[in-house]
Amino acid sequence: MDLDLPVWFEIGALVVLVLILAADLLIILRRPHIPSTRESTLWVVFYVTLALIFAGLMWVFAGGEYAGQFVAGWLTEYSLSIDNLFVFVLIMGQFSVPRRYQQEVLMVGIIVALVLRGLFILAGAAIIEQFSWVFYIFGAFLVWTAWRQAFPGGDHDDEVQRESFIVRVLRRAIDISDEYDGARVRTVVAGKKMWTPMIIVFAAIGVTDLLFAIDSIPAIFGITQSPFIVFTANLFALMGLRQLYFLLGDLLDRLRYLHFGIAFILAFIGVKLVFHAMHVNEVAFINGGEHIEWAPEISTWMSLGVIVVAMTVATVASLAASARERRAGGAEAAAAAVAEEKGTPPTVDGSGSDGSR
């Protein structure tokens, strides 16, 4: 059954959300600053609450199934967006973006991501409408992406290197100054108009957004085929991402197992897509072009449960491992301090210094 919402609700929701996003952008443009932990927390809570209110309205106007699809899609995109923050952190560090102006960079990145994902959503919806076999491709792609996510053979630095080609092209094609001029992309140096390094940062962020859109859109189409839910889930996932960047801060480095949680979610959705493709199969060389009735259809609520559990386990495991390391580091530092004070070696084996106990 297709999603049947009042037209006024769809249009009104999109208008309100776009206005909120525009207001957020204007705040940054008028008052660039480094947001405090309290400010970032309030904004993140506001956007999360807004998403939950929207889910409640979806329940009222469309029913529990579609409300569940929105929540599952939103959580999936939100988790993928958090992974995106790791790359943003590396880009900011690589190009030494002043922290005061990182908000504007993030906001531009969010807008670029929204536009790119909107285009991918339109293309994906049109393809799905015409070719049901594309679910096989989406499913296989997500399983492969999950494998890359879990066993990358490197780290997020590899993803930053993907932008190097664009950066080299820009440096050869246009004049770029050595210093930033606030958040401006154009400046004047010795009477000559030049681009600032900010243009390179925007290009790097844009390429990153494109790469993440390619991964994230097939994932959410594995949860719902409604373009409206897909777009609003992406919109809510991106709203508040800027504040989340500043709120998490150094915590990002401690979420070491997050990529395993995301990989599990992507693999699960990939398998779900393959099962769905089998269930609605029309490919001639598979089961004679007939539907494969025994293929299970995984429910929206099961998907939602898997997403929540995967992210919870990954986060708790990451924080627990980080806490153990901090305790171990503190113990080593204390032992070293005592050893220095007494003039003895900082560590001794369990048998004692003389080999007896």
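Remember, predicted model here, so these are calculated numbers, not experimental data. Sequence order sets the numbering: in each chain, residues are counted from 1 along the sequence as written. The predicted origin of the model limits local features to residues at a pLDDT of at least 70 and limits the giving and counting of side-chain atom pairs to 80 or more, whereas totals for whole chains, interfaces and linings rest on all residues. As a rule here, side-chain values cover all heavy atoms of the structure and leave hydrogens and water aside.

*Asks:* Help me out: how do you make sense of the overall build of the protein chain in this one?
*Replies:* Numbering of helices and strands runs from the N terminus, with a helix taken as a DSSP run of H or I at least four residues long and a strand as a DSSP run of E at least two residues long. Helix and strand content of the protein chain: 13 helices and two strands. Burial statistics for the protein chain: of 357 residues in total, 47% are counted as buried. If you take every contact in the protein chain between residues at least 6 apart in sequence, the share linking residues at least 24 apart comes to 78%. Carbon and sulfur atoms make up 65% of the accessible area of the protein chain, which amounts to about 18200 Å² in all. Exposure categories follow from relative accessible area, calculated using a 1.4 Å probe and restricted to protein chains: below 20% of the type maximum is buried, above 50% is exposed, and the middle band is partly exposed. Any pair of residues with heavy atoms lying within 4.5 Å of one another is described as a contacting pair. With residues, only the protein chains shown are counted as cover, and all accessible areas are computed by Shrake-Rupley using a 1.4 Å probe.

*Asks:* Sorry, what's going on with the environment of V48 here?
*Replies:* Positionally, V48 belongs in helix α2 (residues 37-62). Considering only alpha carbons, one finds V48 and F236, 188 residues apart in sequence, at a separation of 8.0 Å. When neighbours within four sequence positions are excluded, V48 is seen to be in contact with W74 and Y78.

*Asks:* How do you make sense of the pattern of salt bridges when you look at a structure like this?
*Replies:* Any two side chains of opposite charge can pair, so long as their charged atoms come close to each other. Counted as salt bridges are all cases of a side-chain nitrogen of Lys or Arg within 4 Å of a carboxyl oxygen of Asp or Glu. Evaluated as defined, the whole model comprises one salt bridge. Between R117 and E77 there is a salt bridge; the shortest N-O distance is 3.1 Å. One end of the pair, R117, is in helix α4 (residues 102-130); the other, E77, is in helix α3 (residues 64-94), and 40 residues separate them in sequence. Classification of R117 by relative accessible area gives buried; the value is 2%. A relative accessible area of 0% places E77 in the buried class.

*Asks:* Honestly, α2 in this entry has me stumped. Any pointers?
*Replies:* The terminal C-alpha atoms of α2, which comprises 26 residues, lie 37 Å apart, in line with the 38 Å expected from a rise of 1.5 Å per residue. Those residues of α2 not exposed but buried are S40, V44, Y47, L50, A51, F54, A55 and M58. Buried residues along α2 sit in contact with α1 (7-30), α3, α9 (227-238) and α10 (241-248). Of the residues flanking the end of α2, it is G63, one or two places downstream, whose phi is positive at about 105°. Under the convention used throughout, the expected extent of a helix is 1.5 Å for every residue step, that is, one less than its residue count.

*Asks:* Would you mind going over a nonpolar patch on the surface with me for this structure?
*Replies:* Exposure above 30% relative accessible area and the absence of a salt bridge qualify a residue for a patch, where like charges join within 9 Å and nonpolar side chains (Val, Leu, Ile, Met, Phe, Trp, Tyr) within 5 Å. On the surface, a nonpolar cluster with roughly 520 Å² of combined accessible area is contributed by W8, I53, L57, V60 and F61. In terms of residue count, α2 provides more of the nonpolar patch than any other element does, four residues in total. Within the secondary structure, V60 sits in helix α2. Its relative accessible area of 64% is what places V60 among the exposed residues.

*Asks:* Where do I start with the confidence of the model for the protein chain in this structure?
*Replies:* Close inspection of predicted coordinates is inappropriate for parts of the model with low pLDDT. Per residue, pLDDT captures the predictor's confidence, and it can take any value from 0 to 100. Scored by pLDDT, the protein chain has a mean of 78; 85% of the residues are at 70 or more. Element-level mean pLDDT values for the protein chain span from 52 in helix α6 (residues 156-161) up to 89 in α2. Within the model, pLDDT remains below 50 along residues 347-357, and this stretch shows three contacts once partners closer than five positions in the same chain are excluded.

*Asks:* I'm lost on the packing of aromatic side chains in this one. Help?
*Replies:* For any pair of aromatic rings, the description rests on two quantities: the centre-to-centre distance and the angle between the ring planes. In this analysis, rings of Phe, Tyr and Trp, with Trp reduced to its six-membered ring, are considered paired at centre separations within 6.5 Å, and the interplanar angle assigns stacked below 30 degrees, edge-to-face beyond 60, and tilted for intermediate values. Within the structure shown, the criterion is met by 16 aromatic pairs. Judged by centre distance (5.5 Å) and plane angle (85°), the ring pair of W8 and F61 falls under edge-to-face. With W8 in helix α1 and F61 in helix α2, this pair connects stretches of sequence that are 53 residues apart. The exposure class assigned to W8 is exposed, which follows from its relative accessible area of 58%. When the centroid spacing of 6.2 Å and the interplanar angle of 55° are considered together, the rings of W59 and W301 count as tilted.

*Asks:* How should I be thinking about the packing of α4 against helix α8 (residues 198-221) in this particular structure?
*Replies:* Helix packing for two helices is described by the angle between their axes and how far apart those axes are. Interhelical geometry of α4 versus α8 gives an angle of 35° and a closest axis separation of 8 Å. In this structure, α4 crosses over α8, and the sense of that crossing is right-handed. Helix axes are fitted to C-alpha atoms over the stretch in contact, other axes to C-alpha atoms as well, and angles between N-to-C directions run from 0 to 180 degrees. Note: crossing handedness is left-handed where the near helix turns anticlockwise from the far helix by less than a right angle, and right-handed where it turns clockwise.

*Asks:* Could you clarify how one ought to interpret the pairing of strand β2 (residues 192-195) in this entry?
*Replies:* In this scheme, strands are said to pair when DSSP sees at least two bridges between them. In terms of strand pairing, strand β1 (residues 186-189) meets β2 through four bridges, oriented antiparallel. Across the sheet, the residue bridging to R186 is W195, located in β2. Count of turn residues in the β1/β2 antiparallel hairpin: two residues, of which A190 carries a positive phi of about 55°.

*Asks:* Would you mind going over the packing of α1 against α2 with me for this structure?
*Replies:* Running from N to C, α1 and α2 point in directions that differ by 175°, and their axes come no closer than 12 Å. Taken together, the axes of α1 and α2 are roughly antiparallel relative to one another. Contacts between α1 and α2 pair W8, F9, A13, L17, I20, D24 and I27 from the former with W43, F46, Y47, L50, F54, L57, M58 and F61 from the latter. Of the residues contributing to the contact of α1 with α2, the split by class is 14 nonpolar, no polar and one charged. Reported orientations rely on four angle classes, namely roughly parallel under 35 degrees, roughly antiparallel over 145, roughly perpendicular from 65 to 115, and oblique for the rest. Under the grouping applied here, Gly and all other residues not named as nonpolar or charged are polar, the nonpolar ones being Ala, Val, Leu, Ile, Met, Phe, Trp, Tyr, Cys and Pro and the charged ones Asp, Glu, Lys and Arg.

*Asks:* Just to check I follow, could you spell out a positive patch on the surface for this structure?
*Replies:* Positive: Lys, Arg. Negative: Asp, Glu. His and the chain ends are not part of the count. Each charge is placed at NZ for Lys, CZ for Arg, CG for Asp and CD for Glu. Taken together, R254, R324, R326 and R327 make up a surface patch of like positive charges. Summarising the element assignment, R326 is placed in helix α13 (residues 300-342). The exposure class of R326 is partly exposed, given its relative accessible area of 48%.

*Asks:* In this structure, what is going on with the side chain of E77? I would like to understand it.
*Replies:* A polar atom in the side chain of E77 sits 3.1 Å from the side chain of R117. Each residue touching E77, except ones within four places of it in the same chain, is listed here: R117, S216, I220, A233, N234 and A237. Whenever two N or O atoms come within 3.5 Å, that pair is a polar contact, provided that in protein one can donate a hydrogen and the other can accept it, and provided that, for residues adjacent in sequence, both atoms are side-chain atoms.

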